[in-house]
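# Secondary and tertiary structure notes
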Amino acid sequence: MKPDDLKFLIVDDFSTMRRIVRNLLKELGYNNADEAEDGQIALSKLRSGLFNFVVSDINMPNMNGFELLREIRADEQLKKLPVLLVTAEAKKEDIVLAAQIGANGYIVKPFTKATLEEKLTKIVQKMNGST
Amino acid sequence: MAHTGDTEDLEALFDQISSETLARLDATPAAEIAPAPPAAAAAGGEGEDSPEFYQRVGMLTRQLHDALRELGYHQKVEQAVHSLPDTRQRLDYIARLTGQAAERALSNVEKGQEIQEAVEREGARLSGQWQQLYERKLGVDDFKQVAADTSAFLHRTQEDARATHALLTDIMMAQDFHDLTGQVIQKVVKLAQDFEDELVKLLIESTPPEKRNAAHSEWMNGPVIDASSRDDVVTNQAQVDDLLESLGF
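Residues numbered from 1 in each chain as written. Chains lettered and ligands numbered in written order. Predicted model: local features only at pLDDT ≥ 70, side-chain atom pairs only at ≥ 80, totals over all residues.

A few words on the overall build of chain B. Scanning chain B for helices and strands turns up eight helices and zero strands. Overall, chain B shows an N-to-C arrangement of helices and strands of α-α-α-α-α-α-α-α. Pairs at least 24 apart in sequence give 78% of the contacts found in chain B among residues at least 6 apart. (Helix = DSSP H or I, 4+ residues; strand = E, 2+ residues; numbered from the N terminus. Contact = placed C-beta atoms within 7 Å.)

If you want it as structure tokens, here you go:
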């Protein structure tokens, strides 16, 4: 899968962080990205079928990242979407919970461009391997 | 995973559990994976600091003290006081993070300005040289030198552009403090609100009957009093202000 084939949905309640992630993705060659400010809005956008990669915060109002991930994994059409969680929570139980409910990757804020690139590459390689 | 204490162990743990979960998901129809109930609201503590608290505590009488014991509120106040050091740490964290972000941004701006000033200086110098060349004021050797300098300048400009881009990216990354401190501020505000709620409850319960009647008629003028007609609640900031004012604070 090439960078232009990936359509990202960036989910975060802070507009600053959405812009940072979006700009980093652009620098890494991923130009297709849209934004959602919480899990509910994200779910609605994802059901449009326009996205094939989710980068989501965890702590958000209305529907947090864990809830969004559960909804995605419980939805027949969305369940295989790769989800990368980006969060300020570095607690072990949160990381384990993220893995248990099916996150494809987990990044702790603050992070670097190199970390984001490494995680994305790893997930994309797995996506390519499974297609 | 980045910036965790035991990053590699956690990363290995994450990868192992995640792989197992995703493999299981592939083999399981989505309908069998029930979404969990909504998670609890963001973590918040019991109570928070407030200047009114200290003033009020100083003015409370023995009657209030006894009343608190009877009502069991002393425990909540104790919990609120214990939450103060945590709040101070959170505010220290915000101050530190915003300070670091500002330093990082300013430092990168200064480096970027130096690069741009050098480019401008060299560009102006070469432009002057070329102007002299057009005016036939330079010899062959000078022309060769100007051509070599211009070539080097063009090469260096690419490096400078890359360096400036890296500085700009770093300035952008420094803005992540907004997200990190924003989450902490939300928690501190929640603590402050909880603390205020507890103080207002204390105040209502401990108000002498004669004052309570006078105050009561004022608090009840607001539009959002509970339908059950309880006289031990206020429901918005205006009513809190009215109550404090009616009690002479």
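And the narrative resumes.
In this section: the overall build of chain A. In terms of regular secondary structure, chain A is built from five helices and five strands. Counted from the first residue to the last, chain A has its helices and strands arranged as β-α-β-α-β-α-β-α-β-α. Residues counted as buried form 46% of the 131 residues belonging to chain A. Put simply, of all contacts in chain A between residues at least 6 apart along the chain, 61% involve residues at least 24 apart. (Buried ≥ 20, exposed ≤ 12 C-beta atoms within 10 Å, placed from the backbone.)

Here the focus is the pairing of strand E2 (residues 33–36) of chain A. All names here are of chain A. Pairing geometry for strand E1 (residues 8–11) and E2, over four bridges, is parallel. Considered in E2, the bridge of Phe8 is made with Ala33. Between the parallel pair E1 and E2, the chain is carried across by helix H1 (residues 15–27), and the sense of this crossover is right-handed. (Pairing = 2+ DSSP bridges. Right-handed = clockwise from strand over helix to strand, strands pointing away.)

Okay, helix H4 (residues 92–100) of chain A next. Residue and element names in this part refer to chain A. Within H4, the full set of buried residues consists of Ile95, Ala98 and Ala99. On an axial view of H4, the arc spanned by its buried residues comes to 95°, and they lie on one face. Gly102, located one to two residues past H4, shows a positive phi value of around 100°. (Arc of directions from axis to C-beta.)

This part covers the packing of helix H2 (residues 39–46) of chain A against helix H3 (residues 65–73) of chain A. The description of two helices packed together rests on the angle between their axes and the distance between the axes. Residues and elements named next belong to chain A. The interhelical angle for the contact between H2 and H3, taken along N-to-C directions, is 25°, at an axis separation of 9 Å. With respect to each other, H2 and H3 are oriented roughly parallel. Considering only the axes of H2 and H3, their crossing is right-handed. Contacts from Gly39, Ala42, Leu43 and Leu46 in H2 reach Gly65, Glu67, Leu68, Glu71 and Ile72 in H3. Considering only residue class, the contact of H2 with H3 consists of five nonpolar, two polar and two charged. (Axes fitted to C-alpha atoms, helices over the stretch in contact; angles between N-to-C directions. Parallel < 35°, antiparallel > 145°, perpendicular 65-115°, else oblique. Left-handed = near helix turned anticlockwise from the far one by under 90°. Nonpolar A, V, L, I, M, F, W, Y, C, P; charged D, E, K, R; others polar.)

Time to look at the nonpolar core. Core analysis: the largest hydrophobic core is formed by 45 residues, its most contacted members being Phe8, Leu9, Val21, Leu85 and Ala103 of chain A. Among the elements that make up this core, the one with the highest residue count is H1 of chain A (five residues). Leu85 of chain A has contacts with Ser56, Ile58, Gly65, Ala98, Ala103 and Tyr106 of chain A, leaving out every residue within four places of it along the chain. One finds Ala80, Val188, Phe195 and Leu203 of chain B within the second-largest nonpolar core, a separate group that totals seven residues. (Core = buried A, V, L, I, M, F, W, Y, C linked by C-beta atoms within 7 Å.)

Two pairing modes exist for strands in a sheet, parallel and antiparallel, and in both the strands are linked by backbone hydrogen bonds. Residues and elements named next belong to chain A. The strand order E2-E1-E3-E4-E5 describes an open sheet built from five strands, whose pairing is parallel. Looking along the sheet, the strands with just one partner apiece sit at the ends: E2 and strand E5 (105–108). For this sheet, the mean inter-axis angle between neighbouring strands, taken without regard to orientation, is 20°. Where strand E4 (residues 83–87) and E5 come together, four bridges link them in parallel fashion. Within E5, the position partnered with Leu85 by the bridge is Tyr106.

Let us now look at unusual backbone geometry. Along the chain, Lys109 of chain A connects to Pro110 of chain A via a cis peptide bond; the corresponding omega equals -5°. As for its position among the elements, Pro110 of chain A is in the loop between E5 and helix H5 (113–130). One non-glycine residue, Asn62 of chain A, lies in positive phi territory at about 65°. Positionally, Asn62 of chain A belongs in the loop between strand E3 (53–56) and H3. We note that Arg136 of chain B has phi near 60°; this positive angle belongs to a residue other than glycine. Within the secondary structure, Arg136 of chain B is located in the loop between helix H4 (73–134) and helix H5 (140–174).

Residue and element names in this part refer to chain A. Of the positions making up H2, those classed as buried are Gly39, Ala42 and Leu46. Buried residues along H2 cover an arc of 60° about the axis, so they all sit on one side. Buried residues along H2 sit against E1, E2, E3 and H3.

We now examine the confidence of the model for chain B. Residues and elements named next belong to chain B. Put simply, chain B has an average pLDDT of 75, and 61% of its residues get 70 or more. Summarising per-element confidence for chain B, the mean pLDDT is lowest in helix H3 (residues 62–71) (58) and highest in H5 (96). Confidence over residues 34–48 falls short of pLDDT 50; this stretch has 41 contacts with residues more than four positions distant or in other chains. Both scores are given for the predicted complex: the pTM is 0.66, the ipTM 0.72. (pLDDT = per-residue confidence, 0-100.)

It is worth spelling out the environment of Pro110 of chain A at this point. Classification of Pro110 of chain A as partly exposed rests on a count of 19 C-beta atoms within 10 Å. For Pro110 of chain A and Thr87 of chain A, which are 23 residues apart along the polypeptide, the C-alpha to C-alpha distance reads 8.4 Å.

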